[in-house]
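Residue-level structure breakdown
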Amino acid sequence: MEKIKNYINGELVEPVGKEYIDNFNPSIGAVYSLIPDSDEQDVDLATKAAQAAFPAWSKTPKEKRARILQKLASLIENNLDRFAEAESRDNGKPLSLAKRVDIPRAAANFNFYATGVLHYASEAHQMEDTAINYTTREPIGVCGCISPWNLPLYLFSWKIAPALAIGNTVVAKPSEVTPYTAYLLSELCIEAGLPKGVLNIVHGLGHKVGAAITKHTDIPVISFTGGTVTGAEIARTAGPMFKKLSLELGGKNPNIIFDDCDFEKALGTTMHSSFANQGQICLCGSRIFVQRGIYEKFRDAFVAKTKKLTVGNPFDEGTNLGAVVSQPHMEKVLSYVTLAQEEGGTVLTGGHQVKLEGEQENGWYIAPTIIEGLAFDCRTNQEEIFGPVVTIMPFDTIEEVLAMANSTKYGLASTVWTQDITKAHNVAAQLHSGIVWVNTWLLRDLRTPFGGVKASGVGREGGFNAFEFFTEPKNVCIKL
Ligand code: TXE
């Protein structure tokens, strides 16, 4: 059985404790590799390597840092098929999705921040003939980057690229559920000539390795993407240590469809915003509100289209939904279908595990599920399910739908479908979320602030927001 390795001080190494944990292929429900069961000893070795590398890396001219990260990006692009297959095998997502989205976006993340650092400037403030102020933005040191299993390399690179580009060094922890492409990236880092200790990847469990990174006194910055519960746990540790903290957490995003929408576009995009990546994207629109005038027409068309989706082997071209990421997650998602029925919901399609034939017979597959008839404030409509399960509800007025849309503890992303631009501006202004898409979904300009409000997190990633997070400003005031 293949054992993947940690990447510490420029080398691929075994965990100090020589212990390993199973890594599953969700599409067949079986172990296919082993990952280091690292602990705080490994985190300490990684942190020492990152500390030793920081002076030279932070003083490396930005053009040289940029060249190395762009080399890494091109190596990812040159290994697209190998990385996409690895991602699909590790996560269960369709290979076509990994090829089209996950891996190209990981390369784009490195390119975006490598070029961005060349244009990042700071400010000066002149006090007439009295003084001049200039603000420097300095890299901070060793940054802890902890990422989740839903978009493994995409979100892993979204954190480490800006941290490295601006001159920090990194101790990173990918999810133990989907570690494989981070391991493949380690090999490319060596090939790209990334100096040793600049990036260190420590594999293992969250409560061991993630917690060790969070509480390490020599890691002053923590960037986390994952669940809200874990985010709160990290904040409890990092807060009293006065660490800089970025939390990208869960969501329960409203998809608001007015009766003056472009019906076919709203329907087509809602298929993606409901079920892409098996609904395992924090930005998915899991609560669908349809204005009464078109509610039944939209609901029936949406159910009919959903019934035609193919749940299957992620490696088959025709597959629309692959496997969900783990057996515990499958059971969690299915438990919400049971809860929905207990809360008075009606399952219009799906709501069950899909048993495939052949090699995939033990895989973890869920039918795309649509539920109607629930109150907007029941648990099913308030809690993040994070699977291919959406609810659909009618509404009459803007005031009513805004109250329902804003009723959860989350505030990450909203989608609005209307051809009345004044209404679009008016509704967007009143939605409690960090991101609002109008007549589209998941259309991303990497320069924009990315993140949510309330229980969806703290801070923003994206564009120069990421450089602001991964640097400390210093104001110097010179008397003239
Ligand atoms: O995330 P976790 P999980 C949501 C989704 C999902 C829930 C839990 O609802 O069902 O979160 O998913 C590491 N200290 N999202 O369990 O636990 C862990 O090892 C430090 C939304 O995967 O948050 C992994 O590397 N680190 C999210 C990372 O945190 C800890 C995407 C995420 O794991 C830790 C994924 C600890 N105590 C899930 N415990 C999004 N916003 O996109 C765990 N970790």
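Calculation rules
- Residues numbered from 1 in each chain as written.
- Predicted model: local features only at pLDDT ≥ 70, side-chain atom pairs only at ≥ 80, totals over all residues.
- Heavy atoms only, no water.
- Helix = DSSP H or I, 4+ residues; strand = E, 2+ residues; numbered from the N terminus.
- Contact = heavy atoms within 4.5 Å.
- 1 Å grid on protein atoms, 1.4 Å probe; cavity = no way out; pocket = protein on both sides within 12 Å on 5 of 7 lines; lining within 4 Å.
- Points joined across faces, edges and corners; volume = space filled by probe spheres on them.
- Nonpolar A, V, L, I, M, F, W, Y, C, P; charged D, E, K, R; others polar.
- Buried < 20%, exposed > 50% of the residue type's maximum accessible area, 1.4 Å probe, protein only.
- Pairing = 2+ DSSP bridges.
- Core = buried A, V, L, I, M, F, W, Y, C linked by side-chain atoms within 4.5 Å.
- Domains from an automatic or database assignment.
- Axes fitted to C-alpha atoms, helices over the stretch in contact; angles between N-to-C directions.
- Buried area = accessible area lost by both parts, 1.4 Å probe.
- Salt bridge = Lys/Arg side-chain N within 4 Å of Asp/Glu carboxyl O.
- Polar contact = N/O pair within 3.5 Å; in protein donor to acceptor, adjacent residues only side chain to side chain.

Inspection of the secondary structure assignment puts Asp22 in strand β4 (residues 20-25). Taking C-alpha positions, Asp22 is 25 Å from Pro388, a pair spaced 366 residues apart along the chain. Setting aside anything within four residues of it in sequence, one finds Asp22 in contact with Val31, Ser33 and Leu34.

Now for empty space enclosed by the protein. In the structure shown here, the tally under the stated rule is 5 cavities of 30 Å³ or more. Looking at the largest cavity, it is lined by 15 residues, and the ones nearest its centre are Gly251, Gly279, Cys284, Ser286 and Phe386. Within the lining of the largest cavity, the residues separate by chemical class into 7 nonpolar, 6 polar and 2 charged. Roughly 70 Å³ of volume is contained in the second largest cavity. Lining the second largest cavity are 15 residues, with Pro254, Ala405, Tyr410, Gly411 and His432 positioned closest to its centre. Among the residues forming the lining of the second largest cavity, the class breakdown is 5 nonpolar, 7 polar and 3 charged.

This brings us to the pairing of strand β5 (residues 30-36). The element β5 is extensively covered by neighbouring structure, given that 5 of its 7 residues are classed as buried. Inspection of the sheet shows strand β1 (residues 2-3) paired to β5 by 2 bridges, in the parallel sense. Bridge pairing links Lys3 to Leu34 in β5. Note: β4 against β5, 6 bridges, orientation antiparallel. When the bridges of β5 are listed, Phe24 appears paired with Val31. With antiparallel pairing between neighbouring strands as the criterion, β4 and β5 make up a hairpin whose turn holds 4 residues, including Gly29 at a positive phi of roughly 60°.

With that settled, consider the nonpolar core. In this structure, Phe110, Ile160, Val170, Leu185, Leu194, Leu199 and Leu283 are the most contacted members of the largest nonpolar core, which totals 75 residues. With 10 residues, helix α5 (residues 152-165) is the single largest residue contributor to this core. Three or more residues apiece are contributed to this core by two domains, here domain 1 (6-249 + 456-479) and domain 2 (254-446). Discounting chain neighbours no more than four positions away, the residues touching Leu199 are Tyr7, Ile160, Leu164, Val170, Ala172, Cys189 and Leu194. Counting 25 residues, the second largest nonpolar core, distinct from the first, contains Tyr295, Leu321, Ala323 and Ile392.

For the rest of this paragraph, the subject is the sheet that holds β4. Strands sit in the order β1-β5-β4 across an open sheet of 3 strands; the sheet is mixed. Each edge of the open sheet is held by one strand with a lone partner, namely β1 and β4. Across the sheet, helix α3 (residues 80-91) is in contact with β4 and β5; its angle to β4 comes to roughly 100°.

Looking now at the sheet that holds strand β7 (residues 131-139). If you trace the 3 strands from one edge of the open sheet to the other, you get β6-β7-β21, paired in antiparallel fashion. What marks the edges here is a single partner per strand, and that holds for β6 (124-127) and β21 (471-479). If you compare each strand with its neighbour and ignore which way they point, the axes differ by 20° on average. Looking at chain direction, β6 and β7 are connected through 4 bridges and run antiparallel.

By the assigned domains, the chain splits into domain 1 (6-249 + 456-479) and domain 2 (254-446). The C-alpha centroid of domain 2 is placed 30 Å from the C-alpha centroid of domain 1. Counting the surface lost from both domain 1 and domain 2, the interface buries some 2400 Å², and carbon and sulfur atoms represent 61% of this. On the surface where domain 1 and domain 2 come into contact, there are 0 salt bridges. Counting every contact that joins domain 1 to domain 2 gives 10 residue pairs in polar contact (both at pLDDT 80 or more). For the side of domain 1 that touches domain 2, the elements supplying multiple residues, two or more each, are α3 and α4 (95-116). A per-class count over the side of domain 1 that touches domain 2 returns 12 nonpolar, 13 polar and 5 charged.

Moving on, we get to the pattern of salt bridges. Enumeration according to the criterion identifies 16 salt bridges in this entry. The shortest N-O distance in the salt bridge between Glu40 and Lys215 comes to 3.6 Å. A residue pair is termed long-range when its members are at least 10 positions apart, and Glu40 in helix α1 (residues 40-59) and Lys215 in helix α7 (residues 206-215) qualify at 175 residues. Ionic contacts of the salt-bridge type, sharing partners, join the residues Arg299, Asp300 and Glu372 into one network.

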